[in-house]
Amino acid sequence: MTSNPNKPTLNTDRSRLFKDRFAKWGISAGGVMVLIALLLIFFYLLYVVQPIFESAKVEKRNSFNVANAEQIVGLGVEEQTEVAFLLSQQGEVDFYSVQDGSFGKKLETLSANLPSDASSFANSAPFQGHYAFGLENGSVVVVAPKFLVTFPNNQRKLTPRLDYPLGEMALEVDEQGAAIKRFAFSHYEDKTAVVALTEDKRVLFSSFVAEENMFTGEVEWVVERTELNIEGRVDELLISPDTTRTFVRSANQIYVYDTRYPSEVEQIQLLSANEESANLVSAQLLAGANSLMLANDNGEVSQWFEVNTDSGREYQKIRSFETTKQSKLNIFTEFYRRTFFTTSSNGELGVYYTTSEAKLWQGKVSEGEIKNFAIAPRSNAALILADNQLTVLDVHNEHPEVTWSALWQEVWYEGYPEPAYIWQSTSASDDFESKFSLVPISFGTLKAALYAMLFAVPIALSAAIYTAYFMSSELRRVVKPTVEIMEALPTVILGFLAGLWLAPLIEEHLPAIVGLLILLPLGVLATALGWTKLPASIRHKIPEGSHSILLIPVVLFIGWLSFAMSETVELWMFDGNVRQYLTNELGMTFDQRNSLVVGIAMGFAVIPTIFSIAEDAVFSVPKHLSNGSLALGATQWQTLVRVVLLTASPGIFSAVMMGLGRAVGETMIVLMATGNTPIMDWSIFQGMRTLAANIAVEMPESEVGSSHYRILFLAAFVLFIFTFVFNTVAEFVRQQLREKYSSM
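What you see is a predicted model, and the numbers here were worked out from it, not measured in a lab.

K.L.:
Looking at this structure, I do not really get the sheet that holds strand S28 (residues 381–386). What am I missing?
P.N.:
Pairing between sheet strands relies on hydrogen bonds along the backbone, with the strands arranged either parallel or antiparallel. The four strands are arranged S1-S29-S28-S27 in an open sheet whose pairing can be described as antiparallel. Looking at the sheet topology across the chains shown, the edges are occupied by strand S1 (57–65) and strand S27 (370–375). Here the strands of the sheet are splayed against their neighbours by 20 degrees on average, with no regard to which way each runs. Bridge count between S27 and S28: five bridges; the pairing is antiparallel. The partner of Ala374 across the bridge, within S28, is Leu383.

So, in structure tokens, the structure goes:
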């Protein structure tokens, strides 16, 4: 038996070591997984967005010789780009296969029923798909190549045919029977309009209206004719698809006629549209027919459309494009988009988009002059006739409307008086010009977050400081969880209440709401001042840290007083209608679902986030700091302002930035409590559209893979960047504040 006692062993509990290591690796793995998830989101967004910034491509598919190329006056291709058709001056239509395996094979030749020899040719707007022959007898015949789709032996077969959309009977344009030397036409609903230059130099506008005979059921054309007074030669004739505008190019001048009412045709403008030291060589209407494209022999193509001026709506030059400098420059437009093509005498092809002011592609596609050109209905292929050959081009131009400047800079859209930031992605009309500026919805995101923070930050921080520093521990154990449980409320419920209850309430009692925002802080301060003036015997009856209970009846009374006096104040100060006063006297627009509603509702959702983090930061300030300050003679307020708040400032700043991050990304409240109008106005009485709400509204309706679809992903990427920047700045500032005040 030894006299020395056993030494205590320092063996470490192995299970504890295992738990520590498991926790360490588990937390590290979780952090890495979060980073990986963020990177995956980041790169997936870029993967979807990237195609909208790809350049256009034009590639030659194949070509074949055309026997009577000099007689060809018109081209076209069916929607699947399998069959092309060529219209000759004699009224014959040749159909050729242009798909692989049978490229260049002639399928069929059809002849139009022309009662007289053709003297001219014209085609309608591309999307209408009509072609017409002007005849020697002063009439016009309209034809439309069509294809019958059948599936014999489970094989798809296209059978060409020739339709007469206006009937096989020719439309008599000139009663005197003079030959039609040049003309343009359009068919819209039950009306067809033709503007024609006759052999004897007269320019006639003829409007044909279809009327069905109630006894025979036959369609009869009722025609009204007007002779236009044009001085000089006539080089080109154009007519809008809806027949409301007619254009006559005479040398370097454009005569613009209002042909909305055939019996009251009038000239509304005369444009001297050529550039200095240059001459006009061609003109064309852009898709939608709101813009007039003019080409000069110096290679410049300009866009003109109507804008409001002091003299009414007038055509003005909006923008121009530099193309190849060739004496022969022709313009061709797509079916629906604002893309236009230029062909020149040296065989160059140019692809441009007006809204984004982008030159998409330019290159040589033929060694000789391009005699004729046609774009496919889906804008994925084109035909050129040059050097007695018909060449098919594959066109890759999916997103011409998207450029960096179109997304983030002011753009002058058709019909607008000046350049503007506009988000208007869709419309019910086929001739709609998409407007994809991200500025209004980014502005709306920041505006909504700003008004939410103006409402939430003062309330949340004041409550957090009072709860952590002044409130009794018993009362704090009730108040803090109660405020935090507010965060569990679904935002869709808050948005629902804001849109259907709060918005009408604010509209009906606007003076009460404004009065509440003013009287409530003043009432709280007055109550606090009055409390300090009371005798000490009364003040000591309230337990320390429970004084906030005294404010409950004050808040209720001020709330009741504000609503009780609302009608009286409205009658006294605003003649009984505050909305009318705002509109008529102050020129302010009042939307029922406005920024004030969003600020209150979203601020209510953000308050628990800011309150909880800020309260923890203030409460965690070491007690020896505040006790030391008090022991040195400082008052509680001096200790709070100069010791506690400075020490807790990193946590308070983080709380504010966390609240801002949530406000930026909030969706349901702004979706239900605003009018979702993408306007740029700081007015508190107008709404907005945010990035998140815009994605939620439009993503289900967007076509997968379209420009609209990819731009919505770009909006999500911008929102991701916003949140990333806010959090990065918050963490950076928090670290700076922690280092600065860590020595206290």
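K.L.:
In this structure, what is going on with empty space enclosed by the protein? I would like to understand it.
P.N.:
Following the criterion strictly, the structure yields three cavities of 30 Å³ or more and no others. Of the volumes computed, that of the largest cavity is approximately 50 Å³. Forming the boundary of the largest cavity are Ala468, Tyr469, Val618, Phe619, Val621, Pro622, Lys623, Ser626 and Val644. When contributions to the lining of the largest cavity are tallied by element, the ones reaching two or more residues are helix H3 (439–470), helix H10 (595–619) and helix H11 (623–631). By volume, the second largest cavity is sized at about 40 Å³. If you go around the second largest cavity, the residues you meet are Thr355, Glu401, Ala406, Val411, Tyr413, Ser434, Lys435 and Phe436. Taken together, the residues of the lining of the second largest cavity sort by class into four nonpolar, two polar and two charged.

K.L.:
Would you mind showing me how to read a negative patch on the surface here?
P.N.:
Together, Glu189, Asp190, Glu211, Glu218 and Glu220 give the surface a local cluster of negative charge. Note on placement: Glu189 falls in the loop between strand S11 (180–188) and strand S12 (191–198). Overall, Glu189 belongs to the exposed group, its relative accessible area being 62%.

K.L.:
What should I look at first to understand the nonpolar core in this one?
P.N.:
Taken as a class, soluble globular proteins show a tendency for nonpolar side chains to be buried jointly. Formed by 80 residues in total, the largest nonpolar core has its most connected members in Leu438, Ile506, Leu510, Met602, Ile610, Val618 and Ile711. Apart from the residues within four sequence positions on either side, Leu438 is in contact with Leu407, Trp408, Trp423, Ile711, Leu714, Ala715 and Val718.

K.L.:
Explain the environment of Ser405 here, please?
P.N.:
As for its placement among the helices and strands, Ser405 is situated in helix H2 (residues 404–408). Residue Ser405 is classed as partly exposed on the basis of its relative accessible area, which comes to 28%. A sequence separation of 49 residues divides Ser405 from Ser356, and the C-alpha atoms of the two residues are 7.1 Å apart. Contacts of Ser405, omitting those with residues within four sequence positions, involve Ser356 and Val411.

K.L.:
How should I be thinking about the side chain of Gln303 in this particular structure?
P.N.:
Looking at where Gln303 falls in the secondary structure, it is placed in strand S21 (residues 300–309). For Gln303, a relative accessible area of 0% translates into the label buried. Side chain to side chain, Gln303 and Arg319 meet in a polar contact 2.7 Å long. Excluding anything up to four places from it in sequence, Gln303 contacts Leu286, Ser291, Leu292, Met293, Gln316, Lys317, Ile318, Arg319, Thr354 and Glu414.

K.L.:
Where do I start with the sheet that holds strand S23 (residues 329–333) in this structure?
P.N.:
Strand order in the open sheet made by the four strands is S23-S24-S25-S26, with antiparallel pairing throughout. For this open sheet the edge positions go to S23 and strand S26 (358–364), each flanked by a neighbour on one side alone. Strand-to-strand twist across the sheet, computed as the mean angle between neighbouring axes with direction ignored, equals 20 degrees.

K.L.:
Hey, could you run me through the packing of aromatic side chains in this one?
P.N.:
By convention here, two paired aromatic rings are described through the distance between centres and the angle between planes. Summed over all chains, the structure comprises 38 aromatic pairs. When the ring of Phe340 is compared with that of Tyr352, the centres are 5.2 Å apart and the planes differ by 15 degrees; the resulting orientation is stacked. Of the two residues, Phe340 is situated in strand S24 (residues 339–344) and Tyr352 in strand S25 (residues 348–353); the sequence distance between them amounts to 12 residues. Pair check on accessibility: Phe340 and Tyr352 agree, each one buried. Seen from their ring centres, Phe557 and Trp560 are 6.0 Å apart, and the 35 degrees between their planes marks the pair as tilted. With Phe557 and Trp560 both in helix H8 (residues 551–574) and three residues apart, the pair spans about one turn of that helix. Its relative accessible area of 48% is what places Phe557 among the partly exposed residues. Judged by its relative accessible area of 56%, Trp560 is exposed. Sitting over the face of the ring of Phe619, Lys623 holds its NZ or CZ atom 5.2 Å from the ring centroid.

About the thresholds
Residues numbered from 1 in each chain as written. Predicted model: local features only at pLDDT ≥ 70, side-chain atom pairs only at ≥ 80, totals over all residues. Heavy atoms only, no water. Pairing = 2+ DSSP bridges. Helix = DSSP H or I, 4+ residues; strand = E, 2+ residues; numbered from the N terminus. Axes fitted to C-alpha atoms, helices over the stretch in contact; angles between N-to-C directions. 1 Å grid on protein atoms, 1.4 Å probe; cavity = no way out; pocket = protein on both sides within 12 Å on 5 of 7 lines; lining within 4 Å. Points joined across faces, edges and corners; volume = space filled by probe spheres on them. Nonpolar A, V, L, I, M, F, W, Y, C, P; charged D, E, K, R; others polar. Patch = residues over 30% accessible without salt bridge, like charges linked within 9 Å, V, L, I, M, F, W, Y side chains within 5 Å. Areas by Shrake-Rupley, 256 points an atom, 1.4 Å probe, with all protein chains shown as cover. Salt bridge = Lys/Arg side-chain N within 4 Å of Asp/Glu carboxyl O. Lys, Arg positive; Asp, Glu negative; His and termini not counted. Charge placed at Lys NZ, Arg CZ, Asp CG, Glu CD. Buried < 20%, exposed > 50% of the residue type's maximum accessible area, 1.4 Å probe, protein only. Core = buried A, V, L, I, M, F, W, Y, C linked by side-chain atoms within 4.5 Å. Contact = heavy atoms within 4.5 Å. Polar contact = N/O pair within 3.5 Å; in protein donor to acceptor, adjacent residues only side chain to side chain. Phe/Tyr/Trp six-rings, centres within 6.5 Å; stacked < 30°, edge-to-face > 60°. Lys NZ or Arg CZ within 6 Å of the ring centre and 35° of its normal.

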